[in-house]
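What follows is the residue order along each chain.
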Amino acid sequence: MLQVDSILFAEFQAWKESPTLDKSCSFLDRIYREDVGPCLDFTKQELSELVRAAVEQNTLTVEPVASPALPAAKGAAVECGGPKKCALSGLPRTCRHRITLGDSGNYYYISPSCRARITAVCNFFTYIRYIQQGLVRQDVELMYWEVMRLRREMSLAKLGLFPSEV
């Protein structure tokens, strides 16, 4: 049986009263320190910071890599990394997805583990934005448990534990 952590729940309730994306509130500060930051901390620090900013601004796009036989959709785009090297980790990996940050036109190939980490954080922010916009009409405790589930997904992703079909 799951039991509500009274401190976390109190932080969530306080945030829920006036939902914001400001990192200075105790609820989001904790999640940034414990989940978001570690999840988006990649070997390539400069690119990691750009990814974090794009996630926060809701301007990051993840897309599957087209098969090499297909012509590229945007001929003028700059591609970083490649299908065999992850732009975030710098490791040789088969990259089935790539990201773009805002409308920069640059593509960054990412490994399945990096994709899992990024999408886990994006899923969390999507839900938080839905709450902020008043789109979630549930009991506060149900919302809290969904936030905890999303935090668990971030924790699993940063440990490399994600579905292999990612």
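Residues numbered from 1 in each chain as written. Predicted model: local features only at pLDDT ≥ 70, side-chain atom pairs only at ≥ 80, totals over all residues. Heavy atoms only, no water.

Taking an unreviewed UniProt entry as the reference, the protein chain is identified by name as RAB3A interacting protein like 1 belonging to Nothoprocta perdicaria. In its Sequence similarities (unreviewed entry) section, UniProt records this for the protein chain: "Belongs to the SEC2 family." (UniProt positions renumbered as here; feature names shortened; annotations may be inferred.)

Chemist: How would you explain the nonpolar core if you had to name every residue and give the values?
Modeler: Of all hydrophobic cores here, the largest spans 45 residues; its most connected members are Val51, Leu88 and Phe124. Breaking this core down by element, the ones donating at least two residues are helix H1 (6–17), helix H2 (26–39), helix H3 (45–56), strand S3 (97–101), strand S4 (106–110), helix H4 (112–132) and helix H5 (140–158). (Core = buried A, V, L, I, M, F, W, Y, C linked by side-chain atoms within 4.5 Å. Buried < 20%, exposed > 50% of the residue type's maximum accessible area, 1.4 Å probe, protein only. Helix = DSSP H or I, 4+ residues; strand = E, 2+ residues; numbered from the N terminus.)

Chemist: Any chance you could break down unusual backbone geometry for me, citing the residues and the numbers?
Modeler: Residues other than glycine seldom take positive phi values, yet asparagine 58 does so here, at roughly 60°. Topologically, asparagine 58 is positioned in the loop between H3 and strand S1 (60–64).

Chemist: Can you break down the pattern of salt bridges residue by residue, with the values?
Modeler: Pairing is possible between side chains that carry opposite charge, provided their charged atoms lie close to one another. Within the structure shown, the criterion is met by 10 salt bridges. The shortest N-O distance in the salt bridge between arginine 30 and glutamate 11 comes to 2.7 Å. With arginine 30 in helix H2 and glutamate 11 in helix H1, this pair connects stretches of sequence that are 19 residues apart. (Salt bridge = Lys/Arg side-chain N within 4 Å of Asp/Glu carboxyl O.)

Chemist: How would you summarise H2 if you had to cite specific residues and measurements?
Modeler: Given a rise of 1.5 Å per residue, 14 residues ought to cover 20 Å, and the 19 Å separating the end C-alpha atoms of H2 matches this to within 8%. Of all the bends in H2, the greatest, near 50°, is centred on tyrosine 32. Of the residues making up H2, those classed as buried are Phe27, Leu28, Arg30, Ile31, Tyr32, Asp35, Val36, Gly37 and Cys39. Buried residues in H2 make contact with H1, H3, H4 and H5. (Expected span 1.5 Å × (residues − 1). Bend = angle between axes of the 7 residues up to and from the residue. Contact = heavy atoms within 4.5 Å.)

Chemist: Mind laying out the confidence of the model for the protein chain, listing which residues take part and the relevant values?
Modeler: Across the protein chain, the average pLDDT comes to 90, with 89% of residues at 70 or higher. Note that pLDDT drops below 50 for residues 69–76; the model gives that stretch 1 contact with residues more than four away or on any other chain. (pLDDT = per-residue confidence, 0-100.)

Chemist: An account of the packing of H3 against H4 is requested, with residue identities and associated values reported.
Modeler: For the pair H3 and H4, interaxial distance at closest approach is 10 Å and the crossing angle is 25°. On the basis of the axis angle, H3 is roughly parallel to H4. Taken as a pair, H3 and H4 cross one another with a handedness that is right-handed. Note on element contacts: H4 touches H3 through Ile118, Val121, Cys122, Phe125 and Arg129, opposite Val51, Val55 and Glu56. (Axes fitted to C-alpha atoms, helices over the stretch in contact; angles between N-to-C directions. Parallel < 35°, antiparallel > 145°, perpendicular 65-115°, else oblique. Left-handed = near helix turned anticlockwise from the far one by under 90°.)

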